[in-house]
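# Architecture and fold: a report
The chain contents come next:
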2 protein chains.
Amino acid sequence: MAPLGRIPEATVARLPLYLRGLDAFPVGVTATVSSDELADLAGVNAAKVRKDLSHLGTYGTRGVGYDSAFLRFQISQALGVANVWPVVVCGMGNLGRALANHIGFTDCGFPVVAATDSDLDKIGTVVDGVPVHAPGELGDIVHRLNVAIGVISTPPEAAQGTADALVAAGVTSIMSFAPTVLSAPDEVEIRSVDLVTELQILGFHLHRVRIAEDS
Amino acid sequence: MAPLGRIPEATVARLPLYLRGLDAFPVGVTATVSSDELADLAGVNAAKVRKDLSHLGTYGTRGVGYDSAFLRFQISQALGVANVWPVVVCGMGNLGRALANHIGFTDCGFPVVAATDSDLDKIGTVVDGVPVHAPGELGDIVHRLNVAIGVISTPPEAAQGTADALVAAGVTSIMSFAPTVLSAPDEVEIRSVDLVTELQILGFHLHRVRIAEDS
DNA sequence: GACACCTTGTGCATCAGTTCACAAGAGTCT
DNA sequence: AGACTCTTGTGAACTGATGCACAAGGTGTC
Ligand SMILES: NC(=O)c1ccc[n+]([C@@H]2O[C@H](COP(=O)([O-])OP(=O)(O)OC[C@H]3O[C@@H](n4cnc5c(N)ncnc54)[C@H](O)[C@@H]3O)[C@@H](O)[C@H]2O)c1
Ligand SMILES: NC(=O)c1ccc[n+]([C@@H]2O[C@H](COP(=O)([O-])OP(=O)(O)OC[C@H]3O[C@@H](n4cnc5c(N)ncnc54)[C@H](O)[C@@H]3O)[C@@H](O)[C@H]2O)c1
């Protein structure tokens, strides 16, 4: 048992799924959940669930399972979901607007508190409760609103510049939708959500079976 | 050299990045690119580039590098980017609209040819050139327009049902944005783009450094 | 042709992650 | 108490991916 040892990256990526799976269990009610059930809910296998949970020093009871409420608490603790991390959306185009409008983020502790856009017609407006500022005000916004996470939904050409501005403002966590490789200091965590690449991976597999069929 | 052996999944995921990196080289011009340069362009290291390319039986010339045009051809071939895979977007809400409107998909061979929505006000309309149909017509649409890929951008409650309908219609590739675990037959490839989970992973790391600072 | 200089292709060590399989513990029933 | 059932926690094998380091093989120069 390693109460607070290093948690493997692969495990971290699955913890949110377990947490979501636990929502199937009513709060306040004492209920137990087995690694098998959780595995089903999260779409992985039971051995992985147990090994993952063992990394957070969680203890279920053998022969019974895990206490759902306590497990939820433990995972929440590990992920730090009690924290609220304000988000700034850079680039209020088609995608940016959809993101800013998404209540699911706020519900999970990631409120979109501001946005930037280079379009003069948009600057100064308020979209779905989110005020749109000029890109130059980014540093100011970040400090004033305690922004922790920057989302990049600008056109690809503006992505690196926006990333630099975010980093300069002290933001260390970035989620980017731009189809570009971003460079930033090591301590900055960048997660790139590359939808075209996702589609191309799907396309690769479609292509494979097409070839297989033709042979 | 394995001209057409199995390509590792991790490699497949990087091929689109290399292809994109090659765009920095003008077409039609004979130019060579080294694994080092490509590594920079794709944001990985040179050894990985070489090993990846070796999987497609590509041959660069030692001492020189890879012919950029030929390399582009080889990767395109492997990924099958010459194919056009029509896409249907299920759920024309905030996100679905952004996706349907995104020209980048069409440019890469993934045209959004139709959409579905359960909202009676939307059915029958055409949004950004994309006709919106009733969910019940999904099977028909898929056959008529040769749809290869289904995108799920419905509310989470409707996601599994939509996935089932896509599978029933013969679609074997799905990209889902719904925060739910989807089940489908093994031969169906599902890529789940889970933005809340992405944010929670960022949140985890923010949480870690906060704890580290407080100690 | 010989030599200096590049950059590829790859064998190999290493590392991270997954999966198996089973002993150890906790409950339950008689 | 003892036997039986259940499910956890984990050592160990295995799989896949990464990165190093260097021989092999090409180019260019003298
Ligand atoms: N829309 C999609 O479904 C989709 C899908 C995949 C990838 N993407 C990527 O996401 C990004 C945004 O896509 P989109 O469809 O919303 O594009 P968009 O053109 O609709 O929006 C981009 C917005 O960014 C603003 N902008 C430009 N430069 C800026 C700067 N320096 N700072 C702040 N804002 C700036 C523009 O004014 C515009 O409002 C693009 O990189 C695109 O490739 C989008
Ligand atoms: N908007 C975002 O930025 C964002 C971010 C992360 C995840 N998501 C997820 O993406 C999905 C869509 O998000 P959204 O913001 O666009 O929601 P939305 O409510 O704006 O749109 C959902 C659309 O789906 C339609 N719909 C409902 N049932 C349907 C069915 N059975 N078949 C077809 N269409 C149906 C609705 O009429 C609506 O138009 C949700 O699951 C959401 O959790 C969205």
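Residues numbered from 1 in each chain as written. Chains lettered and ligands numbered in written order. Predicted model: local features only at pLDDT ≥ 70, side-chain atom pairs only at ≥ 80, totals over all residues. Heavy atoms only, no water.

### Points about the overall build of chain A
Short version of the rule: Here a strand is any run of E in DSSP of at least two residues, a helix any run of H or I of at least four, and the numbering for each starts at the N terminus. Two residues qualify as a contact provided that any one of their heavy atoms is within 4.5 Å of a heavy atom in the partner residue. Per-residue and other accessible areas were derived by the Shrake-Rupley procedure at a 1.4 Å probe size, with only the shown protein chains allowed to occlude residues. Charged residues are defined here as Lys and Arg on the positive side and Asp and Glu on the negative side; His and the ends of the chain fall outside this count. The atoms used to mark charge sites are NZ of Lys, CZ of Arg, CG of Asp and CD of Glu.
Check the secondary structure of chain A and you find 9 helices and 9 strands. The dimensions of chain A, computed from C-alpha atoms along their principal axes, are 65 × 60 × 35 Å. A sequence separation of at least 24 residues applies to 56% of the contacts in chain A between residues at least 6 apart. Approximately 10200 Å² of chain A is accessible, and the part contributed by carbon and sulfur atoms is 56%. A distance of 9 Å separates the average location of the 14 positive side-chain charges in chain A from that of its 23 negative side-chain charges.

### Some thoughts on the domain arrangement of chain A
Formally: Segmentation into domains, and thus their bounds, comes from an automatic or database assignment.
Along its sequence, chain A is organised into domain 1 (9–79) and domain 2 (87–198). Of note, the centres of domain 1 of chain A and domain 2 of chain A, computed from C-alpha atoms alone, are 32 Å apart.

### Here's the deal with the protein's contact with DNA strand D
What counts, and what does not: Working definition: residue near molecule or strand if any one of its non-hydrogen atoms lies within 4 Å of it. Polar contacts, as used here, are pairs of N or O atoms within 3.5 Å; protein pairs need one atom able to donate a hydrogen and one able to accept it. Residues neighboring in sequence count only if both atoms are side-chain atoms. Here the term charged refers only to Asp, Glu, Lys and Arg, the term nonpolar to Ala, Val, Leu, Ile, Met, Phe, Trp, Tyr, Cys and Pro, and the term polar to all other amino acids, Gly among them.
Taken together, 27 residues surround DNA strand D, and among them A:Ser35, A:Tyr66, B:Asn45, B:Lys51 and B:Arg62 come closest. A distance of 3.1 Å is found between a base nitrogen of DNA strand D and a side-chain nitrogen or oxygen belonging to A:Lys51. Between DNA strand D and A:Gly63 there is a distance of 3.0 Å, counted from a sugar or linking oxygen to a backbone nitrogen or oxygen. Sorting the residues of the surface near DNA strand D by element identifies helix H3 (46–55) of chain A together with helix H1 (9–22) and helix H3 (46–55) of chain B as the ones contributing at least two each. Among the elements that line the surface near DNA strand D, the one with the most residues is H3(B), at 4 residues. Considered class by class, the residues forming the surface near DNA strand D number 8 nonpolar, 10 polar and 9 charged.

### Focus on the sheet that holds strand E7 (residues 149–152) of chain B
Residue and element names in this part refer to chain B. Selection criterion: Between any two strands, pairing holds if DSSP finds at least two bridges. Helix axes use the C-alpha atoms of the stretch in contact, all axes being lines fitted to C-alpha atoms, and the angles between their N-to-C directions lie in the range 0 to 180 degrees.
Spatial strand order, E5-E6-E4-E3-E7-E8-E9: 7 strands in an open sheet with mixed pairing. For this open sheet the edge positions go to strand E5 (126–127) and strand E9 (189–192), each flanked by a neighbour on one side alone. Against the sheet, helix H7 (residues 138–145) touches strand E3 (87–90), strand E4 (112–116) and strand E6 (130–133), its axis set at about 170° to E4.

### Describing the interface of chain A and chain B
Short version of the rule: Here the buried area means the combined drop in accessible surface, using a 1.4 Å probe, for two parts upon being joined, counting both sides. Any Lys or Arg side-chain nitrogen located within 4 Å of an Asp or Glu carboxyl oxygen qualifies as a salt bridge.
Taken residue by residue, the interface counts 57 residues in chain A and 57 residues in chain B. For the pairing of chain A and chain B, the buried interface totals around 5300 Å² over both sides, and the portion due to carbon and sulfur atoms is 68%. Close ionic contact of A:Asp194 with B:Arg20 constitutes a salt bridge, the shortest N to O distance being 2.7 Å. Taken together, chain A and chain B are joined by 17 residue pairs in polar contact (both at pLDDT 80 or more). Only helix H1 (9–22), helix H2 (35–42), helix H4 (68–79), helix H5 (94–100), helix H6 (103–107), strand E8 (173–176), strand E9 (189–192) and helix H9 (195–214) of chain A provide two or more residues apiece to the side of chain A that touches chain B. The greatest single-element share of the side of chain A that touches chain B, amounting to 15 residues, is contributed by H9(A). Broken down by class, the residue content of the side of chain A that touches chain B amounts to 32 nonpolar, 16 polar and 9 charged.

### Some thoughts on the site of ligand 1
Looking at ligand 1, there are 24 residues lining it, with A:Asn94, A:Leu95, A:Asp117, A:Lys122 and A:Thr154 nearest. Proximal residues around ligand 1 fall on chains A and B, making this an inter-chain site. A:Leu95 is positioned such that a nitrogen or oxygen atom in its backbone is 2.8 Å from an oxygen atom of ligand 1. Between an oxygen atom of ligand 1 and a side-chain N or O atom of A:Lys122, the distance comes to 2.7 Å. In isolation ligand 1 has 820 Å² of accessible area, and contact with the protein removes 82% of it. Contributions of two or more residues to the shell around ligand 1 are made by H5 and helix H8 (156–168) of chain A together with helix H5 (94–100) of chain B. Class assignment of the residues belonging to the shell around ligand 1 gives a composition of 13 nonpolar, 8 polar and 3 charged.

### Considering the environment of B:Met92
Relative to the helices and strands, B:Met92 is located in the loop between E3 and H5. Every residue in contact with B:Met92, bar those within four places of it in the chain, is listed here: B:Arg97, B:Ala100, B:Ala115, B:Thr116, B:Asp117, B:Lys122, B:Val127 and B:Val132.

### Here's the deal with the sheet that holds E8(A)
On the basis of which strands lie adjacent, the open sheet formed by 7 strands has the order E5-E6-E4-E3-E7-E8-E9 (chain A) and mixed pairing. With one partner strand each, in any of the chains shown, strand E5 (126–127) and E9 of chain A form the two edges of the open sheet. Two strands pair when backbone bridges link them, and strand E7 (residues 149–152) of chain A and E8(A) are joined in this way by 4 bridges, in the parallel orientation. Bridging from a neighbouring strand, A:Gly150 pairs with A:Ile174 of E8(A). Sheet strands in contact with helix H9 (residues 195–214) of chain B are E7, E8 and E9 of chain A, and its direction is about 160° off that of E8(A).

### Quick notes on unusual backbone geometry
Residue and element names in this part refer to chain B. Cut-off, in case you're wondering: The rule is simple: take the accessible area with a 1.4 Å probe, protein chains only, and divide by the maximum for that residue type; under 20% is buried, over 50% is exposed, in between is partly exposed.
Unusually for a residue other than glycine, Asp128 sits at a positive phi of about 50°. You can see Asp128 is positioned in the loop between E5 and E6. A relative accessible area of 49% means that Asp128 is categorised as partly exposed.

### Here's the deal with H9(B)
Applicable threshold: Helix span, as expected, comes to 1.5 Å for every residue beyond the first.
Taking 1.5 Å per residue, 20 residues should reach 28 Å; H9(B) reaches 28 Å between its end C-alpha atoms and fits that length. Those residues of H9(B) that fall on the buried side of the exposure criterion are B:Leu195, B:Val196, B:Thr197, B:Glu198, B:Leu199, B:Gln200, B:Ile201, B:Leu202, B:Gly203, B:Phe204, B:Leu206 and B:His207.

### Focus on the protein's contact with DNA strand C
Residues in contact with DNA strand C amount to 25 residues; listed here are only the nearest, A:Asn45, A:Arg62, B:Ser35, B:Gly60 and B:Tyr66. Between DNA strand C and B:Gly60 there is a distance of 2.9 Å, counted from a phosphate oxygen to a backbone nitrogen or oxygen. Residue B:Gly63 places a main-chain N or O atom 3.0 Å away from a sugar or linking oxygen belonging to DNA strand C. Those elements that provide at least two residues to the surface near DNA strand C are H1 and H3 of chain A together with H3 of chain B. Within the surface near DNA strand C, the residues separate by chemical class into 6 nonpolar, 10 polar and 9 charged.

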